[in-house]
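Reading the structure
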Amino acid sequence: VKDHGLDPDTAERMLRGERTGPRPLADLLAAVTAEPTAEELTGEDAASAAFAAARSAPERRPRRAWQSLSFALKAAGALLALLAGGVTVAADSQHLPGPLGGDHPHHARTPRISRTLRTRTPSPVPSHETPGRSREHHAHCTRPTTHARSGGRSVSTDLKVSVPHLPVHTKKLPTPRVDGPETVSAPVPTDVSPSAEVSAGR
Amino acid sequence: MPSSPIWPIMSGVSHAEDLHQPSRLTSDTGTTRPEELDRLVRGARDGDEDAFRLLYRQIHPRLLRYVRTLVGDEAEDVTSEAWLHIARDIASFRGDIDGFRGWAATIARHRALDHVRYHKRRPADQTPTGELPELPADDDTETAALDLLSTKTALTLIARLPRDQAEIIILRVVVGLDVKTVAKILGKRAGAVRTAAHRGLRRLEHLLNDLERPQ
């Protein structure tokens, strides 16, 4: 009988903190809601110091959602601009094909590059342009990436992890080519490679 | 929000969901009325350090006891981390004392679960029966023994429940949250929270009966 003494209504009242219900259980709940001991009230000074420190750093406090959002948008814009710049430089210096396809004879594409630069310049919030621009990059990069794929790998893998792959390259090319700072453009072909696959299939 | 006391004492006063505060877990600050507590929350949010301290005295023991059921003896450290977070972000908190309790409990819970994940263990769940401190001696009468039940022992007992049941019981009884808030914190439905709480209480009853009748 004792085991089934706790009806839902009593249980609910006990959960609300009322002193009610069967004895051993009520005592247990009384124990967990007993007055705090001195030991349980330590740490107040540390918490208060943290509170004061947070107050004295005013920039952190009033950050609202829109500020974070605007920062995120700016960061995204800057990143895209950087990537676009990277691919332009890479295309210009003809390093884009990557280690295996690097020594194919190349192609001048100066006019298109200037078009890229023009579209990129006035774009503080570029998220809507992204698909269009990446298609444009694709137009620039089609031939190089195709070369790279014909070399047996996807472009993104080659360019991204060119350092770990270096030993492999050394086997094939006696003097491994050390790319200049233009390899900053490495992330770009990641965007490009899906469409590059399509065009490679054609 | 009715202006009835937030700490209903003794039998059968509370009928509303929000009047469920534990009756004894009050500190000596005298600020136990809901309007007072709301005022402390607003004050702390606006940078009043005294208000923050008073709020700490009200809320910290509850959080500490809750965290103890999750991480055992590491509770002090984990709860202090939670307070650093609360102190840093309270300026952007919006809500009353009930909202603050829920918010603080959420932060404490995240810290505790981070801790558990980091250490890949759950001390509270793994306490073997033999390690329970201060078990009633055989020659005590039942009531005398249970009167002596310390807060820590009681928490250890509750921590022997399945974790969701233990958490729900502590969040409701000790932290003083209503079903809806607990459900939100745990990502469960209100009905599931109710069921788990009642099941946990019944289980505790069995546990206590077993302790009182040592084989």
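Provided above is the structure to which this section pertains.
The following refers to the structure shown. Predicted model only: the values in this text are computed from it and were never measured. (Residues numbered from 1 in each chain as written. Chains lettered and ligands numbered in written order. Predicted model: local features only at pLDDT ≥ 70, side-chain atom pairs only at ≥ 80, totals over all residues. Heavy atoms only, no water.)

Residue position: Arg101 of chain B is located in helix α4 (residues 97–119). Taking the C-alpha atoms as reference, Arg101 of chain B lies 7.1 Å from Val175 of chain B; in sequence the two are 74 residues apart. (Helix = DSSP H or I, 4+ residues; strand = E, 2+ residues; numbered from the N terminus.)

It is worth spelling out the packing of aromatic side chains at this point. Scanning the model with the defined rule gives six aromatic pairs over all chains in all. For the ring pair Phe51 of chain A and Phe52 of chain B, a centre distance of 4.3 Å and an interplane angle of 15° mean the geometry is stacked. Pair noted here: Phe51 of chain A is in helix α3 (residues 44–55) and Phe52 of chain B is in helix α2 (residues 49–71), and the two residues belong to different chains. Assigned by exposure class, Phe51 of chain A and Phe52 of chain B land together as buried. Measuring from centroid to centroid gives 5.7 Å for Phe93 of chain B and Phe100 of chain B, while their planes differ by 85°, and the two rings are edge-to-face. Relative accessible area serves as the criterion here: at 7%, Phe93 of chain B is assigned to the buried category. Ring pairs connect the aromatic residues Phe51 of chain A together with Phe52, Tyr56 and Trp83 of chain B, which therefore count as one cluster. (Phe/Tyr/Trp six-rings, centres within 6.5 Å; stacked < 30°, edge-to-face > 60°. Buried < 20%, exposed > 50% of the residue type's maximum accessible area, 1.4 Å probe, protein only.)

The next thing to look at is the nonpolar core. Core analysis: the biggest nonpolar cluster contains 70 residues, and Leu28 of chain A together with Leu55, Trp83, Phe100, Ile158, Ile169 and Leu201 of chain B have the highest contact counts within it. Of all the elements, α2 of chain B adds the most residues to this core, at eleven residues. Residues in contact with Leu55 of chain B, not counting those within four places in the same chain, are Leu37, Leu40, Val41, Ala44, His60, Trp83, Ile90, Ile97 and Phe100 of chain B. (Core = buried A, V, L, I, M, F, W, Y, C linked by side-chain atoms within 4.5 Å. Contact = heavy atoms within 4.5 Å.)

This paragraph deals with the pattern of salt bridges. Applying the stated criterion to the full structure yields 20 salt bridges over all chains. Here Arg16 of chain A makes a salt bridge to Glu12 of chain A, at a shortest N to O gap of 3.7 Å. Each member of the pair, Arg16 of chain A as well as Glu12 of chain A, is classed as buried. Ionic contacts of the salt-bridge type, sharing partners, join the residues Glu44 and Asp45 of chain A together with Arg53 and Arg57 of chain B into one network. (Salt bridge = Lys/Arg side-chain N within 4 Å of Asp/Glu carboxyl O.)

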